Every structure is written in C-alpha cells, then in structure tokens.
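Structural description and commentary
Listed here are the chains, written in short residue letters.
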Amino acid sequence: MFESDRTPVVVRATDPILHDGVCTALRSRDDVRVVDDATAQVALLVADRLDEPMTRLLAGLHHQGFTRIVLIAGEVDDNEILNAVEHGVCAVARRADAGPEVLVRLIKAAAAGEGALPPELLGRLLNRVSRLQRQVLEPRGLRLGGMSDRETEVLKLVAAGHSTQEIADELCYSQRTVKSILHDVTNRFQLRNRSHAVAYALREGLI
C-alpha cells in the first residue's frame, strides 16, 4: 500500500503503557500510519475512563482543531459520551472490544467523516433524545434543532418564494410578526439573511 493511502493517526493516552500498546498494534498494520504531529487526520484517545485528565486531553485536541476523534475507554456512561461528542469525538469503543481490526475500522470511519457507537449505547442515547423531544421540547412547541413550529412554518414559506406580506396572510400574522420571527432565527443561529436561514434549515433537516 502506498504511504499516501495510509490514514495518519495520532495516539494520545493518560497511561504510557496504554499508549505504547496501541501504537505497537497500529504499527503492525499497513492501512494506518502513527504520527506525532499536526499531519494526523484522526486522533485516537485511549483511557480507562473519561476522567478529568482525559477530558483535558480531549479539550486540548478539540482546541487544536481535531474534529475526527476516536475514543477507546474501559468504561463509558451516557453523560460522558455526550460530553465527549461535544469535544469532537465521532467514534467510541470499549477497550475490551478494541482489537487492531476494530481500531483500524474506527480510524477509517472517522477519517471518512462517519461515526460509530456501541449498539446498546447508541440505543440508550436515542431513547434519551426521544424522551427529550417528547417530554421537554414538544410541550413547548420546540424541536431538537432549536426552532419552534411557527419558525419552521415561516421558513418553509420563505423557501417557497413567498413575500413577507404573503407569509403574513397565509399564517394570519402581521408583517411585523413575520419579520420578528425571521430576525430571531437569523440572530440565534448567526445567519446573514433569510436566504441563509432557509439554506441552514434545509441542511439541518429542520424544514
């Protein structure tokens, strides 16, 4: 395999024995390349738990611009996973399951912009998201994307090419209300104008 075809990965761990063991396992593979500098495409973090030292390492990598991070941990709970995802982790596996084949598969998935979670953990997180949507957001007229039903209605009509007056007539709002809704959306999501707001909502699957 050509050197350019090998995915460059940097390995970080709170325990030097863990670090050396993972590096040795990866160096035996011809589809990844262990590096120790900014040329890494993926960061691989290994720990017993996502404790405070590991969280600092994770935050440091995120601050350096790493957005494709694989986490291998002895134990992980739901809250730790949510915190890790916020810091750029896109793939997770337990150490007990992380042989060389699994490590390479996760590194390749992260490099391709894909994510991976243990099935039972993914199931629990999806259940939490479902409960959040059902019990907290929906009673307040909100969705996971942070837009209310009336905001999405307005953006759908903007996307269809309607003017402010036409949107107001369609939804029985005043023009001032329509303008206020669009102003709130563009400010909250730091968007430039109504076209940018429509593009954002479409890309995020909100309308």
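To be clear, the structure that these remarks concern was listed above.
Reference entry: report on the structure contained in this document. Here the residue numbering is sequential within each chain, running from 1 through the sequence in written order. Reporting of local features is limited, given that this is a predicted model, to residues whose pLDDT is at least 70; pairs of side-chain atoms are given and counted only at 80 or more, and all residues count toward the totals for whole chains, interfaces and linings. The basis for every side-chain value is the complete set of heavy atoms in the structure, and neither hydrogens nor water enter the calculation.

**Looking at unusual backbone geometry**
Let me state the cut-off plainly: Counting from the N terminus, the helices are DSSP H or I runs at least four residues long and the strands are E runs at least two residues long. Only protein chains enter the calculation, and the probe is 1.4 Å; a residue is then buried if its accessible area is under 20% of its type maximum, exposed if over 50%, and partly exposed in between.
The phi dihedral of Cys 172 falls on the positive side, at around 60°, and the residue is not glycine. Structurally, Cys 172 can be placed in the loop between α7 (164-171) and α8 (175-188). The backbone phi angle of Gln 190 is positive, close to 55°, even though this residue is not glycine. Of note, Gln 190 is situated in the loop between α8 and α9 (194-203). Accessibility expressed as a relative area gives 71% for Gln 190, which makes it exposed.

**Thoughts on the nonpolar core**
Note the cut-off: In this text, buried Ala, Val, Leu, Ile, Met, Phe, Trp, Tyr and Cys residues form a nonpolar core when linked through side-chain atoms within 4.5 Å. In what follows, residue pairs with any heavy atoms lying within 4.5 Å of each other are defined as contacts.
Core analysis: the largest hydrophobic core is formed by 24 residues, its most contacted members being Leu 26, Leu 44, Val 70, Ile 72 and Leu 106. If you list the elements that add at least two residues to this core, you get β1 (7-13), α1 (16-27), β3 (42-49), β4 (69-75), β5 (89-94) and α4 (100-111). The dominant element in this core, judged by the number of residues it contributes, is α4, at seven residues. Discounting chain neighbours no more than four positions away, the residues touching Val 70 are Val 42, Ala 43, Leu 44, Leu 45, Ala 91, Leu 106, Ile 107 and Ala 110. By size, the runner-up hydrophobic cluster in this structure holds 19 residues, among which are Leu 50, Leu 58, Val 76 and Ala 84.

**As for α7**
Quick note on the threshold: Taken from the helix axis, the directions to the C-beta atoms give the arc we talk about.
All buried positions along α7 are accounted for by Thr 164, Ile 167, Ala 168 and Leu 171. Each buried residue of α7 sits inside an arc of 100° when the element is viewed along its axis, so together they form one side. Structural note: α7 exposes Asp 169 and Glu 170 on the side pointing more than 90 degrees away from its buried face. Positive backbone phi, at 60°, marks Cys 172, one or two positions downstream of α7.

**Here we look at the environment of Thr 177**
As a reminder of what qualifies: By the criterion applied in these results, polar contacts are pairs of N or O atoms within 3.5 Å in which, for protein atoms, one can donate a hydrogen and the other can accept it, and in which residues neighboring in sequence qualify only through two side-chain atoms.
Here Thr 177 is to be found in helix α8. Considering only alpha carbons, one finds Thr 177 and Thr 164, 13 residues apart in sequence, at a separation of 9.7 Å. Here Ser 174 takes part through its side chain, which lies 2.9 Å from a polar atom of the side chain of Thr 177.

**Concerning the environment of His 19**
By the element assignment, His 19 lies in helix α1. Distance in space between the C-alpha atoms of His 19 and Leu 45 is 8.7 Å, their sequence separation being 26 residues. With near-sequence residues (within four places) excluded, His 19 lies in contact with Val 11, Arg 12 and Ala 13. A distance of 3.2 Å separates a polar atom in the side chain of His 19 from the backbone oxygen of Val 11.

**Side note on α4**
An α-helical segment advances 3.6 residues per turn. Residues three or four places apart therefore align on the same side. The condition is simple: Helix span is expected to be 1.5 Å times the residue number reduced by one.
Taking 1.5 Å as the rise per residue, α4 with 12 residues should run 16 Å; its terminal C-alpha atoms sit 16 Å apart, in good agreement. Regarding α4, the residues found buried are Val 102, Leu 103, Val 104, Leu 106, Ile 107, Ala 109, Ala 110 and Ala 111. Elements that come into contact with the buried residues of α4 comprise β1, α1, β2 (32-35), β3, β4 and β5. Trailing α4 by a residue or two, Gly 113 shows a phi angle of about 80°, which is positive.

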